[in-house]
Amino acid sequence: MMLDRLKEKNPGMKMYSVLDKEFCTFGRVISNINTDEIVRVAKSIENPETGVKYVPSEERFEELAIAEQIQNELFGTLPTEIGYCWGYSRFLNATEWHTSSEINIAVTPIVLILGHLWEIEDNKTDSCKFTAFYVPKGVIIEVYATTTHYCPCQVQDGGFGCVVALPKGTNTQLEVKSEDNLMTAKNKWVIAHNDNQAMIARGVTPGISGKNLEIRY
């Protein structure tokens, strides 16, 4: 079983499945929406050669019947964007949050490293406060607005894929300069791990101390 193997490879890390009760303060599993078609479409999108790629809005997803379900049933009919995050990642690296829930669909099996927004004090937190959650392929989850999260982690050599749905405009470029140093895009606040010099050099505020958690598989 994948989760058992991940626990064996990552001793000492808090790790559960999103199907476990430990997920209930971070989000919920959605059981009444079929993801087969959107997973199939996402699988046709090639991985980048290296690193991670994210697009907030993917037309091929937004033309599917599931898009209307997500908008009407999960975002209360608000205009919604459905995008894609895919590539290669194994580290915590940073954590972000929005003023709304985020919907994730695991195109491949993934691990999400999640925290609670209320555990960030003075823009700082420690990696020991984060918990890893395994998401099986095809499972759709709601990640609450009070949950901090970042790029999914791969659990196989071929990388990862995760559909991401949010209120329209989220994660797009700011049009008005904000005095909030943590706001890096519309409806997106981020702090980087103190060891992530690449993100810090791009202007992301450091704030996560402790080990930069790595998912081994």
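Each remark here, short or long, concerns the structure printed above.
Residues numbered from 1 in each chain as written. Predicted model: local features only at pLDDT ≥ 70, side-chain atom pairs only at ≥ 80, totals over all residues. Heavy atoms only, no water.

Undergrad: I'd love a proper account of the environment of Pro56, names of residues and values included.
TA: Inspection of the secondary structure assignment puts Pro56 in the loop between strand S3 (52-55) and helix H3 (59-62). Taking the C-alpha atoms as reference, Pro56 lies 23 Å from Ala201; in sequence the two are 145 residues apart. (Helix = DSSP H or I, 4+ residues; strand = E, 2+ residues; numbered from the N terminus.)

Undergrad: Quick one: what's the story with the pattern of salt bridges, residue by residue and with numbers?
TA: Under the definition given, this model contains seven salt bridges. Here Lys188 makes a salt bridge to Glu96, at a shortest N to O gap of 3.5 Å. In this pair, Lys188 sits in strand S15 (residues 188-193) while Glu96 sits in strand S5 (residues 94-97), placing the two residues 92 residues apart along the sequence. Accessibility classification places Lys188 together with Glu96 in one group, the buried group. Bridged by salt links that share partners, the residues Arg90, Glu214 and Arg216 form one connected network. (Salt bridge = Lys/Arg side-chain N within 4 Å of Asp/Glu carboxyl O. Buried < 20%, exposed > 50% of the residue type's maximum accessible area, 1.4 Å probe, protein only.)

Undergrad: Got a sec to walk through the sheet that holds strand S10 (residues 140-143)? Specific residues and values, please.
TA: Read across the open sheet, the six strands follow the order S2-S10-S6-S13-S4-S3; overall the sheet is antiparallel. Unpaired on one side and paired on the other, strand S2 (27-30) and S3 mark the two borders of the sheet. When strand polarity is set aside, the average angle formed by the axes of neighbouring strands in this sheet is 20°. As paired strands, strand S6 (residues 102-106) and S10 are joined by four bridges and run antiparallel to one another. Paired with Glu102 across the two strands is Val143, which belongs to S10. Relative to S6, helix H2 (residues 36-43) is tilted by about 70°, and along the sheet it contacts strand S4 (80-87), S6 and strand S13 (160-167). (Pairing = 2+ DSSP bridges. Axes fitted to C-alpha atoms, helices over the stretch in contact; angles between N-to-C directions. Contact = heavy atoms within 4.5 Å.)

Undergrad: Can you lay out the packing of aromatic side chains for me, pointing to particular residues and giving the numbers?
TA: Tallying each qualifying case throughout the model produces five aromatic pairs. Residues Tyr84 and Trp86 carry aromatic rings whose centres are separated by 4.8 Å and whose planes lie at 20° to one another, so their mutual orientation is stacked. In this structure an aromatic cluster arises from ring pairing among Tyr16, Phe23, Phe26 and Phe133. (Phe/Tyr/Trp six-rings, centres within 6.5 Å; stacked < 30°, edge-to-face > 60°.)

Undergrad: Explain helix H1 (residues 2-9) to me, and be specific about the residues and the numbers.
TA: Within an α-helix, residues lying three or four positions from one another point in the same direction, as the helix has 3.6 residues per turn. If you check which residues of H1 are buried, you get Met2, Leu3 and Leu6. Buried residues of H1 fall within an arc of 95° about the axis and therefore sit on the same side. Packing partners of the buried residues in H1 comprise strand S1 (15-17), strand S7 (110-116) and strand S9 (131-135). (Arc of directions from axis to C-beta.)

Undergrad: If you had to explain the pairing of S9 to someone new, which residues and values would you point to?
TA: The element S9 is extensively covered by neighbouring structure, given that five of its five residues are classed as buried. Both faces of S9 are covered, namely the face carrying Thr131, Phe133 and Val135 and the face carrying Ala132 and Tyr134. Pairing of S7 with S9 involves five bridges; the strand directions are antiparallel. Each bridged residue has a counterpart across the sheet, and for Val111 the counterpart in S9 is Tyr134.

Undergrad: Can you explain the environment of Asp157? Please cite residues and give values.
TA: Mapped onto the elements, Asp157 comes out in the loop between strand S12 (153-154) and S13. Classification of Asp157 by relative accessible area gives exposed; the value is 64%. As a C-alpha pair, Asp157 and Ala132 span 25 residues in sequence and 19 Å in three-dimensional space. Leave out the neighbours within four places in its chain, and Asp157 touches Tyr88 and Tyr217.

All quantities given are derived from atomic positions and should not be read as evidence of function.
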